[in-house]
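Take a look at the letters that make up each chain.
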Amino acid sequence: MTEPLLSIRNLKTHFHTDEGTVRAVDGVSLDVDRGETVCVVGESGSGKTVTAESITRLIPEPPGEIVDGTVRFDGEDVTAMSEKQLEALRGGRIGHIFQNPQGALNPVYTVGWQIREAIQLHDKKAKDKEARERAIDLLDRVGIPDATSRIDDYPHEFSGGMKQRIVIAMALASNPDLLIADEPTTALDVTIQMQILRLLNQVQEEFNTGIVMITHDLGVVAEVADRVVVMYAGKVMEEGDVYEIFENPSHPYTRALLECLPGRGEKMSAIGGSLPSTTSPPDGCRFHPRCPYAVGDCEIGEQPPMYAVDDGDHAVSCVHFEPGADPSVVLGEDGSDAVGGARADGGDETGGDAR
Ligand SMILES: Nc1ncnc2c1ncn2[C@@H]1O[C@H](COP(=O)(O)OP(=O)(O)OP(=O)(O)O)[C@@H](O)[C@H]1O
Ligand code: NI
């Protein structure tokens, strides 16, 4: 058995605030293999960004604190690394594309200089001229028009969308083994978004990169994910192969999320109610106050463990999937229909090809 590239176990990242302890990430486990894209989805505030930033300990400490759990990257315990080791990891073997590109670029250096730095940090042998050519190529590949002349411009000379593409180029400069991308294409128009997603896919194929992709956009998930992790209020609700998640969503929360996907079915509904308090979350399943299928057992104790839905690694944290329980309570009588009869891809010819 080979170890996954990234393995997060029971991660708990809390923030100590005046209002109390915010349990932003509260026992999250997930794995990413080489060459695999894992999409983390869930409503705003569910803990996706904090999970991603905890991997290389980018969260502000204080108020943040990783109170429990382990992060292993390529067999090494990241949680035990020194700040110096972490710095080498970030921008080296682990590339980050942040939700907000502002902080990722230094305003006093040209973008070319910054990308060259990133290239040479990773590849000490690369000469300036060669690094510059690679930087131009990267800018070109992320869709910066006229990259050869724009490479000597400063960040403020680019629009927000262009800056985000430059940040993506920088994250790719070191040919990272793991790429952590937090809403990388949200600010970009659809054409550029597709171009970036294709580029990430090419890079992944070339370098066998593992990708953690955080996104609200289930269309992006269908496009890029191999596996999906569904988060809610700091917990993992469901995980599985992308095809399973779209075709056989099992947690009531996942089913509700998919019903909100525009273009699916007739209505664009929002899930009723709102995220629970992060300082005093409900007992039992964190989704139970909003769940149409909640029973007494859902309201007590801990978040249910991950129960296998079928063979494979599709698993769900819901009492209705406990061995011996009746999942048809959630799934309906035939037990396998996708939400509302709609399909992930909005059609029925290409259902077998979610990627
Ligand atoms: N520095 C901080 N201090 C206090 N609370 C924080 C801090 N950073 C994040 N949080 C809280 O942690 C929780 C999870 O936030 P996070 O940014 O991970 O959500 P998210 O799933 O990425 O949401 P979005 O989709 O909006 O990006 C939220 O309740 C947020 O308010
Ligand atoms: Ni976020």
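Residue positions are given per chain, counted from 1 along the sequence in the order it is written. Chain letters start at A and ligand numbers start at 1, both assigned in the order the entries are written. Restriction of local features to residues with pLDDT of at least 70 applies here, the model being predicted, together with a cutoff of 80 or more for giving and counting side-chain atom pairs; totals for whole chains, interfaces and linings are based on all residues.

Asks: Explain the overall build of the protein to me, please; I cannot follow it from the model alone.
Replies: Strands are runs of DSSP state E lasting at least two residues, helices are runs of H or I lasting at least four, and both sets are numbered from the N terminus onward. A count of helical and extended segments in the protein gives eleven helices and twelve strands. Throughout, radius of gyration means the C-alpha value; the globule benchmark is 2.2 Å times the number of residues raised to the power 0.38. A compact globule built from 355 residues would reach a C-alpha radius of gyration of about 20 Å, and the protein, at 21 Å, matches this within 12%. Along the first, second and third principal axes, the C-alpha atoms of the protein reach 65 × 50 × 40 Å. Labels follow a simple rule on C-beta atoms placed from the backbone: if 20 or more others lie within 10 Å of a residue's own, it is buried; if 12 or fewer, it is exposed; otherwise it is partly exposed. Burial status across the protein gives 43% buried among its 355 residues.

Asks: What's the story with the sheet that holds strand β6 (residues 94-97) in this structure? I'm lost.
Replies: Strand pairing in a sheet takes place through backbone hydrogen bonds and is either antiparallel or parallel in direction. For two strands to be treated as a pair, DSSP must find no fewer than two bridges joining them. In space, the eight strands of this open sheet follow the order β6-β7-β8-β3-β9-β10-β12-β11, with mixed pairing throughout. The sheet is open, and its two borders are formed by β6 and β11 (307-308), each paired with just one other strand. The pairing of strand β10 (residues 235-241) with strand β12 (residues 315-316) spans two bridges and is antiparallel. Bridged to E239 within β12 is A315.

Asks: For this particular structure, what's the right way to read the site of ligand 1?
Replies: Close to ligand 1 lie 17 residues, the nearest being A24, S44, K48, T49 and V50. For the shell around ligand 1, the secondary-structure elements that each account for two or more residues are β1 (6-17), β2 (20-32) and α1 (48-55). Looking at which element gives the most residues to the shell around ligand 1, the answer is α1, with three residues. In this analysis a residue is considered near a molecule or strand if the C-beta atom, reconstructed from its backbone, is found within 6 Å of that molecule or strand.

Asks: Would you take a moment to explain the packing of helix α3 (residues 111-122) against helix α6 (residues 160-172) for this structure?
Replies: Working note: a packed helix pair is described by the angle between its axes plus the distance between those axes. The interhelical angle for the contact between α3 and α6, taken along N-to-C directions, is 25°, at an axis separation of 8 Å. In terms of orientation, α3 and α6 fall into the roughly parallel class. The handedness of the crossing between α3 and α6 is right-handed. Facing V111, Q114, I115 and A118 of α3, the residues of α6 in contact are I166, A169 and M170. Lys, Arg, Asp and Glu make up the charged group, whereas Ala, Val, Leu, Ile, Met, Phe, Trp, Tyr, Cys and Pro make up the nonpolar group; the residues left over, Gly among them, are polar. For the contact of α3 with α6, the class distribution of residues is six nonpolar, one polar and no charged. Fitting a line to C-alpha atoms yields each axis, with helices limited to the stretch in contact; the angle taken between N-to-C directions then spans 0 to 180 degrees. Orientation categories follow fixed angle ranges, with anything under 35 degrees roughly parallel, anything over 145 roughly antiparallel, 65 to 115 roughly perpendicular, and all other angles oblique. Each crossing is labelled by how the near helix is turned from the far one, with a counterclockwise turn of less than a right angle marking it left-handed and a clockwise turn marking it right-handed. We call two residues in contact when the distance between their C-beta atoms, placed using the backbone, is within 7 Å.

Asks: I'm lost on the confidence of the model for the protein in this one. Help?
Replies: Do not read the predicted coordinates in detail wherever pLDDT is low. Scored from 0 to 100, pLDDT reflects the predictor's confidence in each residue. Per-residue pLDDT for the protein has a mean of 88; in total, 90% of the residues score no lower than 70. Confidence drops under pLDDT 50 across residues 340-355; counting only partners more than four residues distant or on other chains, this segment forms 22 contacts.

Asks: Explain the domain arrangement of the protein to me, please; I cannot follow it from the model alone.
Replies: The accessible area lost on association of the parts is a frequent measure of interface size. An automatic or database domain assignment supplies the start and end points of every domain. Looking at the protein, the domain boundaries give domain 1 (31-53 + 80-93 + 177-201 + 208-355) and domain 2 (100-175). On the side of domain 2, twelve residues touch domain 1, which itself brings ten residues to the contact. By residue number, the principal contributor to the side of domain 1 that touches domain 2 is helix α7 (residues 190-207), which donates four residues. Among the residues making up the side of domain 1 that touches domain 2, the classes are represented as seven nonpolar, three polar and no charged.

Asks: I keep staring at the sheet that holds β1 and nothing clicks. Help me out?
Replies: An order of β2-β1-β4-β5 is seen for the four strands of this open sheet, with the pairing classed as antiparallel. Both outer strands of the open sheet, β2 and β5 (76-77), are each paired with one neighbouring strand and no more. Judged from the two bridges that link them, strand β4 (residues 64-73) and β5 form a sheet pairing that is antiparallel. Across the sheet, R72 pairs through a bridge with D77, a residue of β5. Across the sheet, α1 is in contact with β1, β2 and β4; its angle to β2 comes to roughly 65°.

Asks: Sorry if this is basic, but what is going on with the pairing of β10 here?
Replies: Consecutive residues of a regular strand have side chains that alternate between opposite faces of the sheet. Counting buried positions over the seven residues of β10 gives six, a clear majority of the element. The turn joining strand β9 (residues 227-232) and β10, which pair antiparallel and follow one another in sequence, is formed by two residues; a positive phi near 50° is taken by A233.

Asks: Can you walk me through the packing of α3 against helix α4 (residues 128-141) in this structure?
Replies: The interhelical angle for the contact between α3 and α4, taken along N-to-C directions, is 115°, at an axis separation of 9 Å. With respect to α4, the element α3 is oriented roughly perpendicular. Here α3 runs over α4; the crossing is right-handed. Within the contact between the two elements, α3 uses G112, I115, R116, I119 and Q120 and α4 uses D128, A131, R132, R134, A135 and L138.

Asks: Would you take a moment to explain the environment of I245 for this structure?
Replies: Tracing the backbone shows I245 in helix α9 (residues 242-247). A C-alpha to C-alpha distance of 9.3 Å links I245 and L258, two positions 13 residues apart in sequence. The contact partners of I245, leaving out residues within four places of it in the chain, are V228, E238, G240 and T254.

Asks: Even after reading the chapter, I still don't get the nonpolar core, so can you show me in this structure?
Replies: Most often, soluble globular proteins keep nonpolar side chains buried together rather than apart. Residues of type Ala, Val, Leu, Ile, Met, Phe, Trp, Tyr and Cys that are buried and joined through C-beta atoms within 7 Å form what is called a nonpolar core. Formed by 91 residues in total, the largest nonpolar core has its most connected members in C39, I115, A169, V212, V221, V228 and V230. Ignoring sequence-local partners within four residues, the contact set of V230 consists of V41, G42, V236, M237, E238, E239, H251, Y253, T254 and L257.

Asks: Whenever I open this one, the environment of V309 confuses me. Can you help?
Replies: Among the secondary structure elements, V309 is positioned in the loop between β11 and β12. Sequence spacing of V309 and F321 is twelve residues, and the spatial spacing of their C-alpha atoms is 6.8 Å. When neighbours within four sequence positions are excluded, V309 is seen to be in contact with G240, S250, H314, A315, V316 and F321.

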